[in-house]
Amino acid sequence: MANLVIAEHDHGSLKAATLNVISAAVEIGGDVHVLIAGHNAKAAADAAAQVAGVSKVLLADGAAHAHRLPENAAAQIVAIASGYSHILAPATPYGKAVAPRVAALLDKAQISDIIKVVDADTFVRPIYAGNAYATVKSSDSVKVITVRGTAFGAAAKTGGFSSVETLAAVGDTALSSFVSAEIVKSERPELTAAKIVVSGGRGLGSGDKYREVLTPLADKLGAAMGASRAAVDAGYVPNDYQVGQTGKIVAPDLYVAIGVSGAIQHLAGMKDSKVIVAINKDPDAPIFSVADYGLVADLFEAVPELAAKL
Amino acid sequence: MHANSQYRGLRSRKLRAEFSIVDSVLALRKLPAFGDIVKVLVPVKRVVDYNVKVRVKADNSGVDIANVKMSMNPFCEIAVEEAVRLKEKGSATEIVAVSAGVTQCQETLRNAMAIGADRGILIETDAELQPLAVAKLLKAIVDKEQPQLVILGKQAIDDDSNQTGQMLAALLNWGQATFASKVEIEGGAAKVTCEVDGGLETVSIKLPAIITTDLRLNEPRYATLPNIMKAKKKQLDIVKPADLGVDVTPRLATLKVEEPPKRKGGVKVADVAALIDKLKNEAKVI
Ligand SMILES: Cc1cc2nc3c(=O)[nH]c(=O)nc-3n(C[C@H](O)[C@H](O)[C@H](O)COP(=O)(O)OP(=O)(O)OC[C@H]3O[C@@H](n4cnc5c(N)ncnc54)[C@H](O)[C@@H]3O)c2cc1C
Ligand SMILES: Nc1ncnc2c1ncn2[C@@H]1O[C@H](COP(=O)(O)O)[C@@H](O)[C@H]1O
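Model, not experiment: these values are computed from the prediction.

What counts, and where the lines are drawn
By convention here, each chain's residues receive numbers from 1 onward along its written sequence. Working convention: letters from A go to chains and numbers from 1 go to ligands, in the order in which they are written. Only residues with pLDDT of 70 or above have their local features reported here, since the model is predicted, and side-chain atom pairs are shown and tallied only from 80 upward, although totals for entire chains, interfaces and linings are computed over all residues. Values reported for side chains reflect all heavy atoms of the structure, with hydrogen atoms and water molecules removed beforehand. Numbered from the N terminus, helices here are DSSP runs of H or I no shorter than four residues, and strands are runs of E no shorter than two. For the exposure calls, accessible area comes from a 1.4 Å probe over protein chains only, and a residue counts as buried if that area is under 20% of its type's maximum, exposed if over 50%, partly exposed in between. Under the rule applied, a polar contact is a pair of N or O atoms within 3.5 Å (in protein, one hydrogen donor and one hydrogen acceptor; residues adjacent in sequence only if both atoms are side-chain atoms). Contacts are assigned to residue pairs with any non-hydrogen atoms lying within 4.5 Å of each other. Take the accessible area each of two parts loses on contact, using a 1.4 Å probe, and add the two losses: that sum is the buried area. By definition here, a salt bridge exists when the distance from a side-chain nitrogen of Lys or Arg to a carboxyl oxygen of Asp or Glu is within 4 Å. Two strands form a pair only when DSSP identifies at least two bridges running between them. A residue's pLDDT is the predictor's confidence in that residue, given on a scale from 0 to 100. Residues qualify for a patch when their relative accessible area is over 30% and they have no salt bridge, like charges being joined within 9 Å and the nonpolar side chains of Val, Leu, Ile, Met, Phe, Trp and Tyr within 5 Å. The accessible surface values rely on the Shrake-Rupley method and a 1.4 Å probe; as for residues, cover is taken only from the protein chains in view. Geometry of aromatic contacts follows a simple scheme: Phe, Tyr and Trp rings, the Trp one being its six-membered ring, pair when their centres are within 6.5 Å, and the pair is stacked under 30 degrees between planes, edge-to-face over 60, tilted otherwise. In this scheme, the term charge over a ring applies when either NZ of a lysine or CZ of an arginine sits within 6 Å of the ring centre and within 35 degrees of the ring normal. Disulfides are defined as cysteine sulfur pairs within 2.5 Å. To get an axis, a line is fitted to the C-alpha atoms, and for a helix only the part in contact is used. The angle between two axes follows their N-to-C directions and goes from 0 to 180 degrees. We call a residue near a molecule or strand as soon as one heavy atom of that residue lies within 4 Å of the molecule or strand. Residues are grouped as follows: Ala, Val, Leu, Ile, Met, Phe, Trp, Tyr, Cys and Pro are nonpolar; Asp, Glu, Lys and Arg are charged; all remaining types, including Gly, are polar.

Student: Residues and numbers for the side chain of Asn72(A), please.
Tutor: All names here are of chain A. Tracing the sequence through the fold places asparagine 72 in helix α3 (residues 70–79). Classification of asparagine 72 by relative accessible area gives buried; the value is 2%. Within the structure, asparagine 72 has its side chain in polar contact with the side chain of threonine 173 (distance 2.6 Å). Those residues in contact with asparagine 72, other than ones at most four positions away along the chain, are Ala64, His65, Val170, Gly171, Asp172, Thr173 and Ala174.

Student: Report on the interface of chain A and chain B, specifying residues and quantitative values.
Tutor: Taken residue by residue, the interface counts 83 residues in chain A and 71 residues in chain B. The three residues of chain A that bury the most area against chain B are Tyr128(A), Asn239(A) and Tyr293(A), which together make up 11% of that side's buried surface. At the surface where chain A touches chain B, the tally comes to six salt bridges. A salt bridge links Asp107(A) to Arg251(B), with the shortest nitrogen-to-oxygen separation between them at 3.1 Å. Inspection of the region where chain A meets chain B yields 45 residue pairs in polar contact (both at pLDDT 80 or more). Sheet topology note: the strand β8 (residues 132–138) of chain A/strand β14 (residues 252–258) of chain B ladder contains six bridges and is antiparallel. The residue bridging Lys137(A) from the neighbouring strand is Ala253(B), located in β14(B).

Student: Can you lay out the confidence of the model for chain B for me, pointing to particular residues and giving the numbers?
Tutor: All names here are of chain B. Here chain B shows a mean pLDDT of 90. Residues at 70 or above account for 88%. For the stretch residues 1–35, pLDDT sits under 50, and the model shows 21 contacts to residues farther than four places along the chain or on other chains. Both scores are available for the predicted complex, with the pTM at 0.93 and the ipTM at 0.96.

Student: Residues and numbers for a nonpolar patch on the surface, please.
Tutor: Residues and elements named next belong to chain B. Together, Leu225, Ile228 and Met229 line one region of the surface with nonpolar side chains, adding up to about 280 Å² of accessible area. Secondary-structure assignment places isoleucine 228 in helix α7 (residues 225–233). We classify isoleucine 228 as partly exposed; its relative accessible area is 33%.

Student: Before we move on, can you summarise the packing of aromatic side chains with the specific residues and values?
Tutor: According to the stated counting rule, one finds one aromatic pair over all chains in the structure shown. The lysine or arginine in question, Arg68(A), covers the ring of Tyr94(A), its NZ or CZ lying 4.9 Å from the ring centre.

Student: Please provide a residue-by-residue account of the state of the cysteines, values included.
Tutor: All names here are of chain B. Taken as a whole and assessed by the stated rule, the structure comprises zero disulfides over all chains. Between cysteine 105, a cysteine without a disulfide, and cysteine 76, which holds the nearest cysteine sulfur, the sulfur-to-sulfur distance is 11 Å. What makes cysteine 105 buried here is its relative accessible area of 3%.

Student: Account for the pattern of salt bridges, with residues named and values stated.
Tutor: Counted under the stated rule, the structure contains 37 salt bridges over all chains. Close ionic contact of Lys56(A) with Glu165(A) constitutes a salt bridge, the shortest N to O distance being 3.2 Å. One end of the pair, Lys56(A), is in strand β3 (residues 56–61); the other, Glu165(A), is in strand β10 (residues 163–167), with 109 residues separating them in the sequence. The exposure class assigned to Glu165(A) is partly exposed, which follows from its relative accessible area of 35%. With a shortest N-O distance of 2.8 Å, Arg263(B) and Asp292(A) are connected by a salt bridge. Taken together, the residues Arg263(B) in the loop between β14 and β15 (267–269) and Asp292(A) in the loop between β15 (275–280) and β16 (293–296) connect one chain to another. Given the relative accessible area of 21%, Arg263(B) is considered partly exposed. It is possible to trace a salt-bridge network through shared partners that takes in Asp107(A), Asp140(A), Lys136(B) and Arg251(B).

Student: Can you break down the sheet that holds strand β7 (residues 122–127) of chain A residue by residue, with the values?
Tutor: Taken in spatial order, the four strands make up an open sheet running β6(A)-β7(A)-β8(A)-β14(B), and their pairing is antiparallel. Taken across any chain shown, the strands that pair with only one partner, and hence form the sheet edges, are β6 (116–119) of chain A together with β14 of chain B. The average undirected angle you get between the axes of adjacent strands in this sheet is 30 degrees. Pairing geometry for β6(A) and β7(A), over three bridges, is antiparallel. Residue pairing for β7(A): Val117(A) is matched across the bridge by Phe123(A).

Student: Could you give an account of the pairing of strand β12 (residues 209–213) of chain B, with specific residues and numbers?
Tutor: Residue and element names in this part refer to chain B. Extensive coverage of β12 is indicated by the burial of five of its five residues. What you see with β12 is no split at all: Ala209, Ile211 and Thr213 on one side and Ile210 and Thr212 on the other are buried throughout. Bridge count for strand β8 (residues 149–153) against β12 is five bridges, and the pairing is parallel. Bridging across to β12, leucine 149 finds its partner in alanine 209.

Student: Go over the site of ligand 2 with me, naming the residues and quoting the values.
Tutor: All names here are of chain B. The local shell around ligand 2 holds 18 residues, among which Pro43, Ala100, Ala156, Asn162 and Thr164 are the closest. Between asparagine 73 and ligand 2, the recorded distance is 3.1 Å, taken from a side-chain N or O atom to an oxygen atom. Protein contact buries 98% of the 480 Å² of open area that ligand 2 shows by itself. Mapped by element, the contributors of at least two residues to the shell around ligand 2 are β6 (92–101) and β8. When grouped by side-chain class, the residues that make up the shell around ligand 2 number eight nonpolar, eight polar and two charged.

Quick look at the structure:
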């Protein structure tokens, strides 16, 4: 049995989610190979070679992979797929774009967002916004999987000494091309990997208030910042702040939900947090049903007080 | 619509000669180039309404969806709305909605037609359909209908798979733009802004192509009563998977479905000081 992990990276380093996927691959058992499809991505390959549990790194370096276009990545993966029993990618926008394409090219099912490895053929995955967990068994010879990062620990970044093998970069499908990107650079920890998340909802009222009220608290706690869909839709914060069924899944040690009502779609993204705090002026808000500590208060008074007293 | 339609009134008078040059220049500049007016296919799934909190069956065989409200998957509504907007802008000719599943999916198709789809196709089956099978069924429909664009939802909110669009793109060897928050058709390509980690990324995909919708692409309109009535008269064809030569046998067997672990009830704290005390001394997270 051999596992191929599709790394998510920025050519220079690995994205945190890749480490969780490597852990899932190690749990499945057998060799763990990591594919870096990138451009001038030697540094990312070298980083992968040091990750504990990795037995080999494959570097497909070429202009076709400069913008990580899914059509090209999938063609590259399919070109090297034979011999692997499992192909795994993170359940991030990148992994979700690539993995189903790979699966269909191989005429295999794809198993989305696994949270548990039962055995090499059997996995647990949430359905219905996490309101049910399904145990599914695959009858395919190759399992193409996306992994929910929060459900698996991160593999250690060092301790491994695997070789880096260079492959011919194939897969310039010319089906799509990169136009532009607007990526928000943040000094804060990455939302899905943060130990503490401070999250705001429509109760904040505006983007200015969101920043004015939540930033001091997040700074004090060294926290990442998240949001409900309503806050994103209203333009308070960029789309990648959204926590939930259709946004990011987080499971920090501490999740502080402020002015968030707790719709099932939001709970789907944060209810596996270790400790949940809710601050909401409505004592009946559903968020209190999952909160370890609930504070019924006006957030505009309670949050500045909390930040000041910490 | 033609860019020169505003001159139609003038044309009937004698000013036509003066305006004809202007007309042709405008026509060259504004009319979409050949190939930019596309036929759009929109796959729509019937799912448990997003407001329903489903219950796991006592025998752990699945979730109980008998007698719960069913609706069109919200991301599919966004897909239909986007197709209708493309048509209203003159970028789309015909919109064909397709649904695979039980007889009642006809309601979902009527709903799509009430939003503005021109006709519907039901791929009727009681069999369990997994994304690969749906993608194969849709490919068969694409082969027949020859659309230049297929707009799907990014994810069905029942299975939460997020696969079908990408699989269909693979089977057709078409380009794909997933999690779209903005779509423009121009020059034989679709320019699509996609939601990615860290922000937004814009790609250009050659037509024919696949797009999957994210929440912020648009806000679907409500179907008006007259449009609901009109939708009842629109064409709805029914085919079977076997007619399309597609084997829909599932590749994944569901062994069991369980309730997720429940969080034990928490406490309400009196004030900020009490909250800090709990976080420091009981939970020990700060
Ligand atoms: C297909 C689909 C997918 C979705 N996916 C997601 C998702 O991924 N993530 C997500 O979050 N949502 C998602 N939603 C939306 C979800 O259903 C809710 O609409 C959304 O989560 C509500 O956001 P909110 O809690 O910020 O707003 P609201 O529900 O409006 O809640 C605002 C809260 O703020 C409180 N408040 C107001 N003022 C104050 C004050 N001064 N002090 C204290 N409290 C105050 C109110 O009491 C209220 O509880 C999805 C919906 C659909 C249909
Ligand atoms: N049975 C179906 N009939 C029509 N369209 C479907 C069906 N299943 C999935 N789709 C389409 O594929 C999208 C993604 O679904 P999924 O891959 O199951 O999450 C949906 O939003 C639909 O556009």
